[in-house]
Amino acid sequence: MKTMNIIYREKDIPNIREYDVYVANGGYDALKKALGQKPTEVIDTVKASNLRGRGGAGFPTGVKWSFIPQSEPIKYVVVNCDESETGTFKDRQIIENNPHQLIEGALIAAYAIQATAVYIYLRGEFWDQAFDLDARIEEARKGGMVGKNIAGSGYNCEVYTHVGAGAYICGEESALLESLEGKLGQPRVRPPFPANKGGGLYGEPTVINNVETLANVPWIITNGPDAFKKIGTEQSAGTKIFCVSGNVEKPANYEVPMGTTIRELLFDLAGGISGGRQIKALLPSGGSGPIIRINGNDDPILDTPCTYEDIAAKTGSILGSASFIVIDETVDITWVASKVTKFFKHESCGKCTPCREGTYWLDKTLDRIMRGEAKESDVDLIANVARNMQGVTLCALGDFAANPIIHTIKNFPEDFKSHIGAAKTPAAPKTAAAAGD
Amino acid sequence: MNILRGFATTFKHLLEEPITVQYPEQMRPFRERYKGRHHLRRYENGLEKCIGCALCAAACPADAIWVEAAENTDEQRFSPGERYAKTYEINMLRCIFCGYCEDACPTQAIQLGHEHQLSFTDRQDAIFTKDMLIDPTAIGVAGTPQQVEPGVYTRSIPDMENPR
Amino acid sequence: MVTAMTKLVKVIIDDREYDFPAGMNLVDAAKQVDVTIPVFCYHPKMKPVGMCRMCLVEVGNIQKDRATGEVLLDDSGNPQIRWMPKLQTACTMNVSDGLVLRSTSKAVDEARRNVVEFLLTSHPLDCPICDKGGECPLQNQTMEYGPGESRMNFEDKKHLDKHVPLGDLIFLDEERCIQCGRCVRFQAEVAGDDVLAFHERGRDLQIITVSDPGFDTYFSGNTTDICPVGALTTTDFRFGARPWEMNSVPTLCNHCPVGCNTSASTRLDRDFGGKTMIKRIMARQNEQVNEIWMCDKGRFGHHFTRSEDRLLQPMVRAAGGSLSRETWADAVAAAAKLLGDANGSVAVIAGPSATNEDLFTLKQLAAGVGSTRLGAWPPTHAGADLVAKVGVGKGTNLSNLGKGDAVLVIATDLEEEAPIWRLRVKTAHDRGAYVVVANARKTRMDDFADAVTMYQTGHAATAFADLRKQHPEVAERLINANNLVVFAGAEGLTLDGSRALMQACANFLIETNHVGRANNGLVGVFPGANAMGQHYLGFSPEATRDIIANPPKVLILAQADVVADDPAAAAWLSKVETVISLSLFDDEATRQAKVVLPVQSFAERDGSYTNGERRVQRFYTAQGPIGEAIPAWQAVARIAEKLGQGKARLSAAQVMNDIVAAIPAFAGCKYSDLAKVEAQFPQVGGDDLYYGGTSYKNTGGLGVQIASAADNGEAVALGDVKADAVKGDLIVVPTVRLYNRERVFQASEAQLMAARVAAPYVEINAEDAARLAIHDGDMVQVSAGAAQPVKVRAHVNGAAPKGTVLLPRNLQQTATALTIAAGTVTKV
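Residues numbered from 1 in each chain as written. Chains lettered and ligands numbered in written order. Predicted model: local features only at pLDDT ≥ 70, side-chain atom pairs only at ≥ 80, totals over all residues.

### Regarding the overall build of chain A
Counting secondary structure elements, chain A contains 16 helices and nine strands. Rg of the C-alpha trace for chain A: 22 Å, near the compact-globule value of 22 Å for 437 residues, within the 12% margin. Across chain A, contacts joining residues at least 24 apart in sequence account for 71% of those joining residues at least 6 apart. (Helix = DSSP H or I, 4+ residues; strand = E, 2+ residues; numbered from the N terminus. Rg over C-alpha atoms; globule rule 2.2 N^0.38 Å. Contact = placed C-beta atoms within 7 Å.)

### Section: the overall build of chain B
The secondary structure content of chain B amounts to four helices and five strands. Relative to a compact globule of 164 residues, whose C-alpha radius of gyration would be 15 Å, chain B shows 23 Å and is clearly more extended. Dimensions of chain B, computed from the C-alpha atoms along their principal axes, are close to 85 × 30 × 25 Å. A burial count over chain B gives 27% of its 164 residues as buried. Pairs at least 24 residues apart make up 76% of the contacts formed inside chain B by residues separated by at least 6 positions. (Buried ≥ 20, exposed ≤ 12 C-beta atoms within 10 Å, placed from the backbone.)

### Details of the sheet that holds strand β5 (residues 239-246) of chain A
All names here are of chain A. Read across the open sheet, the five strands follow the order β6-β5-β9-β7-β8; overall the sheet is mixed. Both edges of this open sheet fall to β6 (252-257) and β8 (292-293), since each of them pairs with a single strand only. Taken together, the four bridges between strand β7 (residues 279-287) and strand β9 (residues 323-328) define a ladder with antiparallel strand orientation. Looking at the pairing, leucine 283 lines up with isoleucine 325 of β9. (Pairing = 2+ DSSP bridges.)

### Comments concerning the packing of helix α12 (residues 333-347) of chain A against helix α15 (residues 397-411) of chain A
All names here are of chain A. Close contact between α12 and α15 brings their axes to 9 Å; oriented N to C, the two are set at 170 degrees. As judged from the angle between their axes, α12 and α15 are roughly antiparallel. Residues Ile333, Val336, Ala337, Val340, Thr341 and Phe344 of α12 form the contact with α15, whose participating residues are Leu397, Phe400, Ala401, Pro404, Ile405 and Thr408. (Axes fitted to C-alpha atoms, helices over the stretch in contact; angles between N-to-C directions. Parallel < 35°, antiparallel > 145°, perpendicular 65-115°, else oblique.)

### Here we look at the interface of chain C and chain B
Counting residues at the interface gives 13 residues for chain C and 17 residues for chain B. Grouping the constituent residues of the side of chain C that touches chain B by class yields six nonpolar, no polar and seven charged. (Nonpolar A, V, L, I, M, F, W, Y, C, P; charged D, E, K, R; others polar.)

### Section: the arrangement of the chains
If you rank the two pairs of chains in contact by how many contacts each has, first place goes to chains A and C. No part of chain A reaches chain B; the closest C-alpha pair between them is 21 Å apart.

### Structural notes on the confidence of the model for chain A
Of the residues in chain A, 96% reach a pLDDT of 70 or more, and the chain-wide mean stands at 92. Low pLDDT (under 50) marks residues 429-437 of chain A, which in the prediction has 32 contacts with non-local residues, meaning those over four places away or in another chain. (pLDDT = per-residue confidence, 0-100.)

### Points about the nonpolar core
One finds Val79 of chain A together with Val39, Phe464 and Leu501 of chain C to be the most contacted residues of the largest nonpolar core, which totals 399 residues. Not counting residues within four places of it along the chain, the set of residues in contact with leucine 501 of chain C comprises Ile410, Ala411, Ala460, Ala461, Phe464, Ala488 and Leu493 of chain C. Core analysis: the next-biggest nonpolar cluster, separate from the first, contains 33 residues, Leu47, Trp66 and Phe128 of chain B together with Phe239 of chain C among them. (Core = buried A, V, L, I, M, F, W, Y, C linked by C-beta atoms within 7 Å.)

### Digging into the interface of chain C and chain A
How big an interface is tends to be reported as the loss of accessible area on association of its parts. With 27 residues of chain C at the contact, the number on the chain A side is 26 residues. The dominant element in the side of chain C that touches chain A, judged by the number of residues it contributes, is helix α2 (residues 106-122) of chain C, at seven residues. In terms of residue class, the side of chain C that touches chain A is made up of 13 nonpolar, eight polar and six charged.

### A short note on the sheet that holds strand β28 (residues 615-619) of chain C
Residue and element names in this part refer to chain C. The three strands are arranged β27-β28-β29 in an open sheet whose pairing can be described as antiparallel. Looking at the sheet topology across the chains shown, the edges are occupied by β27 (607-610) and β29 (704-705). Sheet topology note: the β28/β29 ladder contains two bridges and is antiparallel. Each residue of the ladder has a partner; that of valine 616, found in β29, is valine 704. Running at roughly 90 degrees to β27, helix α8 (residues 356-368) makes contact with β27 and β28 of the sheet.

### What to know about the confidence of the model for chain B
For chain B, per-residue confidence averages 90 on the pLDDT scale, and residues scoring 70 or more make up 97% of the total. Here helix α1 (residues 2-15) of chain B stands out as the element of chain B with the lowest mean pLDDT, 90, in contrast to helix α4 (residues 130-133) of chain B, whose mean of 96 is the highest.

### A closer look at the domain arrangement of chain A
Taken domain by domain, chain A consists of domain 1 (9-230), domain 2 (239-328) and domain 3 (333-436). Spacing between the C-alpha centres of domain 2 of chain A and domain 3 of chain A amounts to 22 Å. (Domains from an automatic or database assignment.)

### Concerning the pairing of strand β2 (residues 65-71) of chain B
All names here are of chain B. In terms of burial, β2 is largely enclosed, as five of its seven residues are buried. As paired strands, β2 and strand β3 (residues 83-91) are joined by seven bridges and run antiparallel to one another. Within the sheet, the bridge partner assigned to alanine 70 lies in β3 and is tyrosine 84.

### Things to note about the pairing of strand β12 (residues 247-252) of chain C
All names here are of chain C. Counting buried residues in β12 gives five out of six residues, a clear majority hidden from the surface. Bridge count for β12 against strand β13 (residues 261-269) is six bridges, and the pairing is antiparallel. Paired with valine 249 across the bridge in β13 is alanine 264.

### Describing helix α14 (residues 376-389) of chain A
With 14 residues, α14 of chain A should reach 20 Å at 1.5 Å per residue; the first-to-last C-alpha distance of 21 Å fits that figure. The elements touched by buried residues of α14 of chain A are α13 (353-370), α15 and α16 (413-417) of chain A together with α2 of chain C. A positive backbone phi angle near 75 degrees is found at glycine 391 of chain A, which sits one or two residues after α14 of chain A. (Expected span 1.5 Å × (residues − 1).)

### Regarding unusual backbone geometry
Aspartate 212 of chain C connects to proline 213 of chain C through a cis peptide bond whose omega is 0 degrees. Among the structural elements, proline 213 of chain C can be located in the loop between β10 (206-209) and α5 (220-226). In this model, alanine 151 of chain A sits at a positive phi of 50 degrees, which is unusual for a non-glycine residue. Here alanine 151 of chain A lies in the loop between α7 (127-142) and β3 (158-163). On the basis of neighbour count, alanine 151 of chain A is assigned to the partly exposed category, with 19 C-beta atoms found within 10 Å. Phi at asparagine 519 of chain C is positive, roughly 65 degrees, even though this residue is not glycine. Tracing the chain through its elements places asparagine 519 of chain C in the loop between α15 (495-511) and β23 (521-524). Among the residues examined, asparagine 519 of chain C registers 21 C-beta atoms within 10 Å and is labelled buried.

### Some remarks on the packing of α14 of chain A against α15 of chain A
All names here are of chain A. Contact geometry of α14 with α15 gives a least axis separation of 8 Å together with a crossing angle of 145 degrees. Crossing of α14 over α15 shows left-handed handedness. Within the contact between the two elements, α14 uses Val379, Ile382, Ala383, Ala386, Arg387 and Met389 and α15 uses Gly398, Ala401, Ala402, Ile405, Ile406 and Ile409. (Left-handed = near helix turned anticlockwise from the far one by under 90°.)

### Let's talk about the environment of valine 79 of chain A
Residues and elements named next belong to chain A. Counting through the fold element by element, valine 79 comes out in strand β1 (residues 76-81). Valine 79 sits in the buried class, given 31 other C-beta atoms within 10 Å. The spacing of valine 79 and serine 49 is 30 residues in sequence and 20 Å in space, taken between C-alpha atoms. Each residue touching valine 79, except ones within four places of it in the same chain, is listed here: Leu102, Ala106, Val118, Tyr119, Ile120, Tyr121, Asn209, Val211 and Leu214.

### Some remarks on the environment of threonine 261 of chain A
If you trace the backbone, threonine 261 of chain A turns up in the loop between β6 and α10 (262-269). Every residue in contact with threonine 261 of chain A, bar those within four places of it in the chain, is listed here: Leu302, Asp303, Thr304, Pro305 and Cys306 of chain A.

### Notes on the environment of asparagine 2 of chain B
Residue and element names in this part refer to chain B. Following the sequence through the fold, asparagine 2 ends up in helix α1. By C-beta crowding, asparagine 2 is classed as exposed, having 6 other C-beta atoms within 10 Å. The spatial distance from the C-alpha of asparagine 2 to the C-alpha of glutamine 76 is 78 Å, given a sequence separation of 74 residues.

Here is the structure:
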């Protein structure tokens, strides 16, 4: 099993982060090619490639771009580099090691919708990376690829970076826009949607794309949509970066074609379960997605191909941002639920009542369960509280926060039952990287 | 014949012990739940239980209770809650001793006691003020207002058990 | 508002079909047809945010054939409805054709129960002592929709600070707050003072103030009304009474020309000798006057009515020179004798809080003794007659101003002089109205202006007359505006200068055809609550000037605190032989009076005021009487009766009947007419606390607006603008501060607002300060005209233009310059 590096090109070409090296290896050719086309042609190319958003929702990128009304004079591209999902660390590697590919992709997107500026929104913790990215943007500017008259085409577009204050919720696109505008990071009421007048950044139509999504775009422009579609499966084209963490021997980012099976990913690439133990569960989309129960290393569910459609159909979970957190037999799932809930309690923005209050009480009650002070009815209570949080909040965080509770209780009822009655110390995970510790 | 039967009854009762109680020299025992005149209770530390919420006044069907509240400070603390009754008056001429005030009280501050010998020569005397209603403090316990450490009493309504 | 222009759409709510104007919010629409969709965060005066999730409802659409547009029917012949898979927040959706809404269903009920449960998990059980208990939307909705008991563990409940002063006037209980953000949004969206903000996130989300001093706004009290829980409480009312113990009495605010409709919550109180006492004042809805808002001066400025300084008995000066208490009969007889012996040399000066009834009775009394000298106090603002001619048209509602309309604010600082007009001009600006501010200095209004034009101090009239030359683009916008309202004050102007400005404004409005129509015309930003009433009843500032120049033998001062306002008053008052004072307070004029008659404040009596938009409004008796004080009109009528002018009327209503008969402007202003109430939109107030918060339904009447001459179709002629300016190296401009030490607001330092009243100061330009070697914070002596010099602190803060110093009035006991005058500033 081999990785395929469309995005992580630094693995094949060291120092590609530098402008000269990037250009020497065909960098910014795609931008130049795109600038020679009509904006609608660029959108059509991306549409034809079947590229889907890599941030988690998997929405077709070209379709997203085509929503932008061409008649509006001011439009923006916003790059979502708020990478905050538990167990996700793919975008950071892109902006650290192959930043120009992101800048190029963002500029192609900007040209396609005729945007006046690109804003790269980085999470608050990416402080150093933001300075580095600024330097990369300056390199590109010196090379004539950013700013006025890009590559002599007459098209002008500025690229800015903006560092948030460190909030999970700012990965949600409308909260990201609020934060970018200097306001409190809370989701907006939609409609109007970001693509519409009044809903985007400063009220102007805005495309918001994930870093990985945009980093795919130069390759698609250069090699054409058909070449891209040949990689992966019909519905999930291209490669995908999987952030594998938890109880595996070699936790890392792995870029592989879509359709690679979970087994290939965990056992061939990531070196198998740590200490040769048996796998117990998998969180395929960080803390926010439903947990998959896996009954040991021979479970046929491990042969599920990693695509948007197969993960959804065969495991009942979602591919999301593809942050695979591997949990082995030694880990207490109640502890996982508690850990993830603490994360969501900390990250809830507090705007909607069910999420604000629900995450607080889930956490408090899970603490009670972990301390062995809870009654059996408390498990039903948190399952019910979690269900009451679902589908009634402005953004998806309410659903995300409910998922770990609902699915851990559904898939691992015995782990919860073991805490009822007597006080117990939580089983500590064997590796420090487990479950986002 | 009938007259004899009548006399028999009379004589029978002559020999029985009388049931008449020589009130007020003699008192009959009270039922535990007898509803007499009101008392405003204190906690063991001397603070007043009444928090001046006026729910007793709201519940009173005879409109006999009048409460005016004021805010506690740590320098001048009357009750462990946020507020206390600055004025607390019950007009005993109006009171029908139904006990609704007792039911309405969220802190069990007002309770109906066993005293029932309430007579007045003046309507004004029928208004029992807070000084008359409140329990005396136990020996060695400070009355109100008390000066307390800041940060000890932070709840709006104290818990039902004795506060610290 | 439903207008003929708005497209109507068909909406089915709970199986009944209704028509609504397109774009209407679902909560508002349901409310209109008496269907309750409970809300916490939504407020009809603010943009929806969808935070509380209480308004979740089932929403669907009637399915139509795409090709033919015909409604698709199901097997039983009913329209097919496609229901949305998830519940929707009604507040963030608007009505649209074919929309179907279910306000109650199993899913909806469950969602509401869950939201209430979630809210209650962190909300303390304070209801027994909470000031909101009894009028609390959360309490009501818990009873209506909430679960009966808690499933959570009590020990895990979050405990927070319950006693956080956001400012001097408002306390926050962090535990009670349900993070709906109504207060934050009110401050940002409606008031335009974004001094509140959310801090932290998740369960730690809290309201904080981001200003120094805290909660620095004139509108803070409104947040306590719209707060759906007891999180925000006022220092004034905190623990004052329980809501169910109080009666609400419709009254009016008497502090400024806006004439806010208010409601006094009253209760018997030991602190007030067992009499009925005003425990708090809240806004009463009048969409045309103050909507549902009021400023903090009106809300908290009622304590003066119970001041220790109130006069309690009539007094007559004995031969020896000291005042002695007399019965009303004796005092009235003494006053009547003085007036009868005056041989017609009588004059009246009436203050700004005298009601229409007081003024009319005074006018009649003066006429009875052969005098027509009726002066209005303070003599600073001229042109009420012009407002009567070209004032805003009947039916004007500032809320209707928006895109295509314009507002000009000239020579006034609305923020300080009429805060609710400032708020309403601000919201008009937000709706798209073009707002122009013209003044000789920077004012707070500049923040909300589309254009700011500055003129030289004292030259307002010429500057305005030259507007078309100096600022053609601004003039163009004003001229071409669909509707134009001009707010004109008299800041930095002499009385003649003020007349010139009002004439210039009138001319501009006439020339540009902005008169005689609703939402068009002139509004005078006059001092006090009844300046327009003074005009209609014959009192004028010009007459006051004449009275000062030619002192009469007997002068009646009716609620005019002349010595506190005018530094020259002591001098001109001494030339008057006899002063009869009708006053609330034991003030300076009282000390010089022969006869002193204690009168009642607005709180203790009924009456009517005519506001700046010429709306005649009535207020009702709220508070128990103080001493032997009686309404001013009654005192005057008794004197008139003693003089044989006819029997005194028995009630203010009868006096108003006389006014209606005698003065054509007041036609249709009988008390019964003033008390009429029509349905208002949004329907705020009453028992449905959920919708607009705790505010009072208007049961006292919406008032009647007097038609302007232009409304009546009378031709209004242009007039000459005779500009008048004061010359000097340094010109002292008296300014108005909302919070000041006037007796009718802050009668004593011990009262609530004391901390909010600024220490006496003067603002001076940096260049002038440098020339005079004055630094920011120095004590300086300011003298202006003939006034006694005053010692105040100098603020070199960029507020004053060069050559001008700004000296706020009524910040100290000594009177400072009443009108603009040349003066000097020296360091002490």
